[in-house]
Amino acid sequence: MATHDTPADGLVRAAVVQAAPASSGENAAGDPPRGTETCCPASTATLPDADRAAALADVFKALADPTRVRLLGYVASAEGGTVCACHLPDELGISQPTLSHHLKKLVAAGLLAREQRGRWAHYTVIPAALERARRFLGSATGA
């Protein structure tokens, strides 16, 4: 549906523009100009450092996939704290290339350490990375 301006529409718009208060720092009611008022006092909290935020985002991105969450949980609960990659495809029901992709993401995020032992790679959880994420989530929620 097309709309067309009528001469009367133009007059109404001109009257509205002329009635607008000049930008003297106050409007007709004496209130501060729009955009300068606040809804509440500013927070005293500080923003996380950009580098720390980027590192945490990498951890959370890595954990945004259910297979990687399962992998991390499996490695974290493994007897001796280390898992050989040879056992993982059967446990998860995924192919070796898919497993390699997920493990690479977890290692890149600093959640797992990889150690080559002969033909097989062994993976271990890096507790400090999990602790950083846990501390951040605890401080962000006040817990």
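Use the structure listed above.
Residues numbered from 1 in each chain as written. Predicted model: local features only at pLDDT ≥ 70, side-chain atom pairs only at ≥ 80, totals over all residues. Heavy atoms only, no water.

Q: Lay out the overall build of the protein chain with the relevant residues and their values.
A: In terms of regular secondary structure, the protein chain is built from 6 helices and 3 strands. Beginning at the N terminus, the succession of helices and strands in the protein chain can be written as α-α-α-β-α-α-β-β-α. Residues classed as buried in the protein chain amount to 20% of the 143 residues present. Put simply, of all contacts in the protein chain between residues at least 6 apart along the chain, 52% involve residues at least 24 apart. For the protein chain, the accessible area works out to roughly 10400 Å², and carbon and sulfur atoms hold 58% of it. (Helix = DSSP H or I, 4+ residues; strand = E, 2+ residues; numbered from the N terminus. Buried < 20%, exposed > 50% of the residue type's maximum accessible area, 1.4 Å probe, protein only. Contact = heavy atoms within 4.5 Å. Areas by Shrake-Rupley, 256 points an atom, 1.4 Å probe, with all protein chains shown as cover.)

Q: Break down the side chain of arginine 68 for me, with residues and values.
A: Looking at where arginine 68 falls in the secondary structure, it is placed in helix 3 (residues 66-76). Of the side chains bearing the opposite charge, aspartate 65 lies closest to the buried arginine 68, which forms no salt bridge; the N-O distance is 4.4 Å. Within polar-contact distance, the side chain of arginine 68 engages the backbone oxygen of alanine 62 at 2.8 Å. Setting aside its immediate chain neighbours within four residues, arginine 68 contacts Lys61, Ala62, His101, His102, Lys105 and Leu106. (Lys, Arg positive; Asp, Glu negative; His and termini not counted. Salt bridge = Lys/Arg side-chain N within 4 Å of Asp/Glu carboxyl O. Polar contact = N/O pair within 3.5 Å; in protein donor to acceptor, adjacent residues only side chain to side chain.)

Q: Got a sec to walk through the sheet that holds strand 1 (residues 82-84)? Specific residues and values, please.
A: In space, the 3 strands of this open sheet follow the order 1-3-2, with antiparallel pairing throughout. Each of the sheet's edge strands pairs with one partner strand only, and the pair in question is strand 1 and strand 2 (112-117). Between one strand axis and the next, the sheet turns by 25° as a mean value, whatever way the strands run. As judged from the 3 bridges shared by strand 1 and strand 3 (residues 120-125), these two strands associate in the antiparallel manner. The residue bridging threonine 82 from the neighbouring strand is threonine 124, located in strand 3. (Pairing = 2+ DSSP bridges. Axes fitted to C-alpha atoms, helices over the stretch in contact; angles between N-to-C directions.)

Q: Tell me what's going on with helix 5 (residues 96-108), and back it up with residues and numbers.
A: The end-to-end C-alpha distance of helix 5, which contains 13 residues, comes to 18 Å, matching closely the 18 Å that a straight helix rising 1.5 Å per residue would cover. For helix 5, every residue scored as buried is listed here: Leu99, His102, Leu103 and Leu106. With its buried residues spanning 100° around the axis, helix 5 presents them on a single face. Seen from the open side of helix 5, the exposed residues pointing more than 90 degrees away from its buried face are Pro97, Lys104 and Ala108. Packed against the buried residues of helix 5 are helix 2 (50-62), helix 3, helix 4 (88-92), strand 2 and strand 3. A positive phi of about 80° marks glycine 110, the residue just after helix 5. (Expected span 1.5 Å × (residues − 1). Arc of directions from axis to C-beta.)

Q: With reference to specific residues and values, describe the pattern of salt bridges.
A: It is possible for side chains bearing opposite charge to pair when their charged atoms get close. Taken as a whole and assessed by the stated rule, the structure comprises 2 salt bridges. For the salt bridge of arginine 117 with glutamate 115, the shortest nitrogen-to-oxygen distance reads 3.4 Å. Assessed through its relative accessible area of 41%, glutamate 115 is described here as partly exposed. Residues arginine 134 and glutamate 131 are paired through a salt bridge, measuring 2.7 Å at the closest nitrogen-oxygen approach. With a gap of 3 residues between them, arginine 134 and glutamate 131 both fall in helix 6 (residues 127-141), about one helical turn apart. By relative accessible area, which is 51% here, arginine 134 ends up exposed. Look at glutamate 131 and you get partly exposed, because its relative accessible area is 29%.

Read these as geometric descriptors, not functional statements.
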